[in-house]
Amino acid sequence: MPPVSKIRRERALRAAEGYLLLDMPSHALRELGTISDWPGSAFQFHKVRGEARRALQDHALAVVDLELALNGEPTDLDVLMSLAWCYKRTERLPQAIAAMQQAYRHHSEEPVVLYNLSCYYALSGDKGQALSWLGRALRMEPSLKKLIADETDFDPIRQDPDFIHFMALVRESR
């Protein structure tokens with residue numbers, strides 16, 4: 001089979017990205033499947049394929065691609081966030097926390113990173129870390145307050161007296 005041209009690879013990749021934007025992940029995967037070699041585009045290929053698999057809720061396969069993408073760009077925020085998301089859904093919470101910690105090391109100015117760290121620590125039952133990260137996230141971006149009531153990740157600590165007290169302080173600070 002003759003090698004596929006760089007132009008054809010790039011077109012397939014752009015088409016797959018477009019399908020993802022249109023919420024058509026199966027089409028994105030089909031487009032990516034038309035090309036067998038991705039020299040020079042491996043990071044973007046794995047990122048897009050991982051995102052398509054994540055959209056299809058195939059979290060285990062998404063992890064494989066997202067980890068490969070992360071090898072190429074270990075500081076990419078989108079990949080780190082998606083990888084943490086998939087780790088959580090494959091019951092690999094320690095890896096989800098580690099991915100978000102890596103995201104924080106490179107993107108400490110992003111409130112959503114701190115918020116997600118809080119969520120994952122809450123799921124792990126580490127109330128102290130959860131409240132610490134949540135407080136920091138809210139100081140950076142007060143509008144995140146509106147997410148807390150519906151955030152099921154906080155359910156493991158929601159009835160804890162410290163969480164209740166924290167939420168009372170948050171309500172008072174409006």
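A brief look at the structure comes next. (Residues numbered from 1 in each chain as written. Predicted model: local features only at pLDDT ≥ 70, side-chain atom pairs only at ≥ 80, totals over all residues. Heavy atoms only, no water.)

For the rest of this paragraph, the subject is helix H5 (residues 77-89). The terminal C-alpha atoms of H5, which comprises 13 residues, lie 18 Å apart, in line with the 18 Å expected from a rise of 1.5 Å per residue. Along H5, the residues classified as buried are Leu 77, Val 79, Leu 80, Met 81, Ser 82, Leu 83, Ala 84, Cys 86 and Tyr 87. Contacts from the buried residues of H5 go to helix H3 (42-55), helix H4 (59-72), helix H6 (93-106) and helix H7 (111-123). By the N-cap criterion, in which a side-chain oxygen at the helix start approaches the backbone nitrogen of a residue two or three places on, H5 is capped by Asp 76, the distance to Asp 78 being 3.2 Å. Looking at the residues trailing H5, positive phi occurs at Glu 91, about 55 degrees. (Helix = DSSP H or I, 4+ residues; strand = E, 2+ residues; numbered from the N terminus. Expected span 1.5 Å × (residues − 1). Buried < 20%, exposed > 50% of the residue type's maximum accessible area, 1.4 Å probe, protein only. Contact = heavy atoms within 4.5 Å. Polar contact = N/O pair within 3.5 Å; in protein donor to acceptor, adjacent residues only side chain to side chain.)

Before going further, it helps to examine the packing of helix H1 (residues 6-21) against helix H2 (residues 25-32). Where H1 contacts H2, the axes come no closer than 7 Å and their chain directions differ by 170 degrees. Of the possible angle classes, the one that applies to H1 and H2 is roughly antiparallel. Facing H1, whose interface residues are Arg 8, Ala 12, Leu 13, Ala 15, Ala 16, Tyr 19 and Leu 20, H2 presents Pro 25, His 27, Ala 28, Glu 31 and Leu 32. Along the lines of polarity and charge, the residues of the contact of H1 with H2 split into 9 nonpolar, 1 polar and 2 charged. (Axes fitted to C-alpha atoms, helices over the stretch in contact; angles between N-to-C directions. Parallel < 35°, antiparallel > 145°, perpendicular 65-115°, else oblique. Nonpolar A, V, L, I, M, F, W, Y, C, P; charged D, E, K, R; others polar.)

For the rest of this paragraph, the subject is the nonpolar core. With 42 residues, the main nonpolar core has Met 100, Tyr 115, Tyr 120, Leu 134, Ile 148, Phe 154 and Phe 163 as its most contacted residues. Mapped onto this core, the elements with two or more residues apiece are H4, H5, H6, H7, helix H8 (127-140) and helix H10 (161-172). What Met 100 contacts, discounting residues up to four positions off in sequence, is Leu 80, Met 81, Ala 84, Val 113, Asn 116, Leu 117 and Tyr 120. Formed by 10 residues, the second largest nonpolar core is a distinct cluster that contains Leu 32, Ile 35, Phe 45 and Ala 52. (Core = buried A, V, L, I, M, F, W, Y, C linked by side-chain atoms within 4.5 Å.)

A few words on the pattern of salt bridges. Enumeration over the complete set of coordinates arrives at 13 salt bridges. Residue Glu 10 is joined to Arg 14 by a salt bridge in which the shortest nitrogen-to-oxygen separation is 3.1 Å. Here Glu 10 and its partner Arg 14 are both found in helix H1, 4 residues apart, which amounts to about one turn of the helix. For Arg 14, the salt bridge goes to Glu 17, with nearest N and O atoms at 2.7 Å. Taken together, the residues Arg 14 and Glu 17, both in helix H1 and 3 residues apart, mark about one turn of the helix. (Salt bridge = Lys/Arg side-chain N within 4 Å of Asp/Glu carboxyl O.)

Summarising the element assignment, Val 170 is placed in helix H10. Owing to a relative accessible area of 10%, Val 170 belongs among the buried residues under this scheme. Residues Val 170 and Leu 117, spaced 53 residues apart in sequence, show a C-alpha to C-alpha distance of 18 Å. In this structure, Val 170 is in contact with Leu 138 and Lys 145, ignoring residues within four places of it in sequence.

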